[in-house]
Amino acid sequence: MNQLKMAALASALLFTAQNAVAQRTSQEPSVRFVVTAGLTGGGDTLAEVEYENGYDSKVKGGGLVQIGAGLQFRKPGTPVSLLATVNYHVDNATADNGDVRFDRVPLEVLGFYHVNDIVRLGVGLRHTINATYKEDIDYEPLYKEDYKDANGLILQVGFGTGRFWGAVRYVDESYEVERYTFGNQTGRFNKTYDGSHFGLMGYFAF
């Protein structure tokens, strides 16, 4: 009799737990707003700035800071999700007499397979627009390079929860010069820079 009661109690507890998990899963939103930020490094050196104190700073084709926001889509109970973001990616060297800057606007779409509640594997595409390199130095003509839109490939591994996770990524991309401006002069030349880079990213979902 005691064994029957124990079996009945265990079955009731299991049924309750299953219902709780199912209810929790069904209550999870299928669409979340996501903000992201991270540090990146790599690519060709676009400029090397030397300071009076002996230090120098390099502006890289794959550097340095990326921030963004977008939407995550995931049907409750499925192991796959989709993340679409609009980002701002910039590397710069600033001094008292001017600024050297490489900035661009990457549009990213990533698909993830959730191995478990902690690990997610991602692959995606990156389309970068408005990529510009600029040297704005006092008493010198403004120099600027505008680049063609670029397409890249993203490979990413993420670790964390459904609300917050970090990721290690690699991005393969390059930038082709469309035109340059030096003071009042504008021209064209054939030059492609490697913008491929590794990155450490953080994501927070609301």
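Below is a summary of the structure that appears in this document. This structure is a prediction, so every number in the text was calculated from the model and none was measured. Each chain carries its own residue numbering, running from 1 in the written order of its sequence. Under the rules for a predicted model, residues below a pLDDT of 70 receive no local features and side-chain atom pairs below 80 are neither given nor counted, while totals for whole chains, interfaces and linings still include all residues. With hydrogens and water set aside, each side-chain value is computed from the structure's full complement of heavy atoms.

## Comments concerning the overall build of the protein chain
Stated precisely, the cut-off is as follows: Here a strand is any run of E in DSSP of at least two residues, a helix any run of H or I of at least four, and the numbering for each starts at the N terminus. Remark: exposure states derive from per-residue accessible area (1.4 Å probe, protein chains only) relative to the maximum for the residue type, with buried under 20%, exposed over 50%, and partly exposed in between. Residue contacts follow a heavy-atom distance rule, with two residues in contact if any of their heavy atoms lie within 4.5 Å. Under the convention used here, a 1.4 Å probe and the Shrake-Rupley method define accessible areas, while residue burial counts only the protein chains that appear.
Regarding its fold elements, the protein chain presents one helix and 14 strands. A burial count over the protein chain gives 35% of its 206 residues as buried. If you take every contact in the protein chain between residues at least 6 apart in sequence, the share linking residues at least 24 apart comes to 61%. For the protein chain, the accessible area works out to roughly 12200 Å², and carbon and sulfur atoms hold 58% of it.

## A short note on a nonpolar patch on the surface
The line we're drawing: Patches here: salt-bridge-free residues with over 30% relative accessible area, like charges joined within 9 Å, nonpolar side chains (Val, Leu, Ile, Met, Phe, Trp, Tyr) joined within 5 Å. For this analysis, a salt bridge means a side-chain nitrogen from Lys or Arg found within 4 Å of a carboxyl oxygen belonging to Asp or Glu.
On the surface, Val31, Phe33, Val35, Leu71, Phe73, Leu82, Val109, Phe164, Phe204 and Phe206 cluster together to form a nonpolar patch covering roughly 830 Å² of accessible area. Mapped onto the nonpolar patch, the elements with two or more residues apiece are β1 (31-41) and β4 (64-73). If one sorts the elements of the nonpolar patch by residue count, β1 sits on top with three residues. With respect to the helices and strands, the residue Val35 is situated in strand β1. The class of Val35 is partly exposed, set by a relative accessible area of 30%.

## Description of the nonpolar core
What counts is decided by this rule: Take the buried residues of types Ala, Val, Leu, Ile, Met, Phe, Trp, Tyr and Cys, join any two whose side-chain atoms come within 4.5 Å, and each joined set is a nonpolar core.
Ranked by internal contacts, the top residues of the largest apolar core, which has 16 residues, are Leu46, Val59, Val100, Phe102, Tyr133, Tyr147 and Tyr175. Of all elements in the fold, only β2 (45-50), β6 (98-114), β7 (119-137), β8 (143-147) and β11 (174-182) reach the threshold of two or more residues within this core. Not counting the four nearest positions on each side in its chain, Val100 is found in contact with Ala47, Val49, Val59, Asp91, Asn92, Ala93, Tyr133, Lys134, Glu135 and Ile137.

## Description of the environment of Glu28
One can find Glu28 in the loop between α1 (2-27) and β1. The class for Glu28 is partly exposed, based on a relative accessible area of 35%. For the pair Glu28 and Lys75, spaced 47 residues apart in sequence, the C-alpha separation works out to 8.8 Å.

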